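Secondary and tertiary structure notes
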Amino acid sequence: MYDDKLVPFWEETYQNMDVITFSEEPNATIKEMEKLFDKDWNILEAGCGEGQNVLYLAKRGYTRVDAFDISENGINKLKKKCEMQGVSLNAYVDDLTKCELHKDYDLVMSFGTLHFVKREKWKRFLGYAKEHTKIGGIHIMQIFTDVVPASPDIAPFAVGLAKDEEIKVIYQDWEILQFKSYVFEDEHPNVPKHLHASNKLVARRIR
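Report on the accompanying structure. (Residues numbered from 1 in each chain as written. Predicted model: local features only at pLDDT ≥ 70, side-chain atom pairs only at ≥ 80, totals over all residues. Heavy atoms only, no water.)

Together, Val147, Val183 and Leu195 make up a nonpolar patch on the protein surface, roughly 250 Å² of accessible area in all. Considering the arrangement of structural elements, one finds Leu195 in strand β7 (residues 191-204). Classification of Leu195 as partly exposed rests on a relative accessible area of 45%. (Patch = residues over 30% accessible without salt bridge, like charges linked within 9 Å, V, L, I, M, F, W, Y side chains within 5 Å. Areas by Shrake-Rupley, 256 points an atom, 1.4 Å probe, with all protein chains shown as cover. Salt bridge = Lys/Arg side-chain N within 4 Å of Asp/Glu carboxyl O. Helix = DSSP H or I, 4+ residues; strand = E, 2+ residues; numbered from the N terminus. Buried < 20%, exposed > 50% of the residue type's maximum accessible area, 1.4 Å probe, protein only.)

Okay, the environment of Ile20 next. Tracing the chain through its elements places Ile20 in the loop between α1 (9-13) and α2 (28-33). Of the residues examined, Ile20 reaches a relative accessible area of 39% and is grouped as partly exposed. Linking Ile20 and Lys35, residues 15 residues apart in sequence, is a C-alpha distance of 27 Å.

Take the pairing of strand β5 (residues 133-144) next. Extensive coverage of β5 is indicated by the burial of nine of its twelve residues. Both strand β4 (residues 105-111) and β5 contribute to a ladder of six bridges, which runs parallel. By the bridge assignment, Phe111 is partnered in β5 with Gln142. Crossover handedness for the path β4 to helix α5 (residues 119-131) to β5: right-handed. (Pairing = 2+ DSSP bridges. Right-handed = clockwise from strand over helix to strand, strands pointing away.)

Turning to helix α3 (residues 52-59), a few remarks are in order. Most of α3 sits out of view: seven of its eight residues are buried. When we look at burial in α3, the residues that qualify are Gln52, Asn53, Val54, Leu55, Tyr56, Leu57 and Ala58. In the core, the buried residues of α3 are packed alongside α2, β1 (43-46), β2 (65-69), α4 (72-85) and β4. Phi for Gly61, located one or two positions after α3, is positive at around 105 degrees. (Contact = heavy atoms within 4.5 Å.)

Rendered as C-alpha cells:
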C-alpha cells in the first residue's frame, strides 16, 4: 500500500487503542446537517480512518452505515471500537480508486481523504458516488487544496490537492447547501502544529 520508507503517521496510531489520531468527535458538519438526515438512510463514509464519524451516527441510531478505508489498521481499530461501544456498522477495507458500490446511498461523505489520490481519480470517485446517490441524497465532502503547501507530515502522500473551489464545479448540477474555503491549524500525536487549506461542500442531488 505504501512505499516501505514512506508510511504515514496514522498507520502507527491506528494500532494503538489508547491514542486518538485525529479526533474523538465527529466532523462538525455532520452535527450541523443532521437535521436533514433520516435514521433509515443508507450512509457511506469513504476514508473513515478510525471511525469517529460513523461511530457517532451508529450510536445515534443510524442502522445502515457503511464505512471503508484503505488502511487495514484503521478498519481493525474501528471494529474494536464498535465492539467496545456496543454499536453495529459495516466497516471494511477498500480503495476509493477501485471500489464498487452495490447500492444507492442517501448520504455519502468523505473528510480529509480525497487529496491522497491523484486528482483524476478522486474526480472519478465523486462522479461514481454521485451516480450511486438517490435523488434527494446528500454529499458532504472535504478536500485539502493547494492554497497553502501540504504540511510535511502529509506532503509525500497528498498527490491530489485540489484547486480552490474546484470541487464546486463537480457539483454544479446539484443544489449546493453549503460551501466553505478556509485555512486551519492542525496537530496530531507526535506531529507539530501545521496549516491545511481546505474546501468543504454539502450538496443535494435534485434530479
